[in-house]
Amino acid sequence: LMQNEGKKFDPEIIKIVSEKFAPFPIGTFVRLSNQMVGIVVENYTNTCLKPKVRIFWENQKPVTPMVIDLRDDPLYKEVEIKEAVNSL
């Protein structure tokens, strides 16, 4: 839906839908723009693209698991979810 915002879908409708339905629900494995891979552990209303993620991999290497907050942690403000992945 978000890829077609403004093309096939009204941006206001996409905004409303994305605020109510998380595109990456809790339990979804995701790859981030900083090459980290982890699992979504918490979503926020109105900022569904900036969840908390428990990280397990960085640059294709296992790391000690840690939780990062894409919404509130200033170290990760610019980090985005690139895609959902099948598993670690």
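Everything discussed here concerns the structure shown above.
Sequence order as written defines residue numbering, which begins from 1 separately in each chain. Only residues with pLDDT of at least 70 are given local features in this predicted model, and only at 80 or more are side-chain atom pairs given and counted; all residues enter the totals for whole chains, interfaces and linings. Derived side-chain values reflect all non-hydrogen atoms in the structure, with water molecules and hydrogen atoms excluded from consideration.

What about the pairing of strand E2 (residues 36–42)?
What counts here: Working definition: with a 1.4 Å probe on protein chains only, accessible area under 20% of the residue-type maximum means buried, over 50% means exposed, and in between means partly exposed. Runs of H or I in DSSP of at least four residues are treated as helices and runs of E of at least two as strands, each being numbered from the N terminus. Note on pairing: two strands pair once DSSP finds at least 2 bridges between them.
Taken across its 7 residues, E2 has 5 buried, putting it largely inside the fold. Here 3 bridges tie strand E1 (residues 29–32) to E2, and the two strands are oriented antiparallel to one another. Across the sheet, residue Phe 29 finds its bridge partner in E2, namely Ile 39. Counting the residues that bridge the hairpin from E1 to E2 gives 3 residues, and of these Gln 35 lies at a positive phi of roughly 70°. Here E2 runs beside strand E3 (residues 52–58); their pairing, made up of 6 bridges, is antiparallel. Considered in E3, the bridge of Ile 39 is made with Arg 54.

Points about the environment of Pro 65
For Pro 65, the location among the structural elements is in strand E4 (residues 61–69). Judged by its relative accessible area of 47%, Pro 65 falls in the partly exposed class. The spacing of Pro 65 and Arg 54 is 11 residues in sequence and 6.4 Å in space, taken between C-alpha atoms.

Points about the nonpolar core
The test is simple: We call a set of buried Ala, Val, Leu, Ile, Met, Phe, Trp, Tyr and Cys residues a nonpolar core when their side-chain atoms join them within 4.5 Å. Contacts between residues were defined by any pair of non-hydrogen atoms, one from each residue, lying within 4.5 Å.
Formed by Phe 24, Val 30, Leu 32, Met 36, Val 40, Val 53, Ile 55, Ile 68, Leu 70, Tyr 76, Val 79 and Ile 81, the largest nonpolar core amounts to 12 residues. Those elements that provide at least two residues to this core are E1, E2 and E3. For Val 79, the contacting residues outside a window of four places in its chain are Leu 32, Ser 33, Asn 34, Lys 50 and Leu 70.

Observations regarding the sheet that holds E4
Condition: Helix axes are fitted only over the stretch in contact, all axes being lines through C-alpha atoms; the angle between N-to-C directions runs from 0 to 180 degrees.
Pairing within the open sheet is antiparallel, and its 5 strands lie in the order E4-E3-E2-E1-E5. In this open sheet, the two edge strands, each paired with only one partner strand, are E4 and strand E5 (81–85). If you compare each strand with its neighbour and ignore which way they point, the axes differ by 30° on average. Taken together, the 4 bridges between E1 and E5 define a ladder with antiparallel strand orientation.

Regarding the environment of Lys 50
For clarity, the threshold we go by: Two N or O atoms count as a polar contact when they lie within 3.5 Å, although within protein this holds only if one can serve as hydrogen donor and the other as acceptor, and sequence-adjacent residues are included solely when both atoms are side-chain atoms.
Secondary-structure assignment places Lys 50 in the loop between E2 and E3. With 27 residues separating them in the primary sequence, Lys 50 and Lys 77 have C-alpha atoms 8.6 Å apart. With residues up to four places along the chain from it excluded, the contact list for Lys 50 reads Tyr 44, Leu 70, Arg 71, Tyr 76, Lys 77, Glu 78 and Val 79. Polar contacts involving the side chain of Lys 50 include one to the main-chain carbonyl oxygen of Val 79, which spans 2.7 Å.

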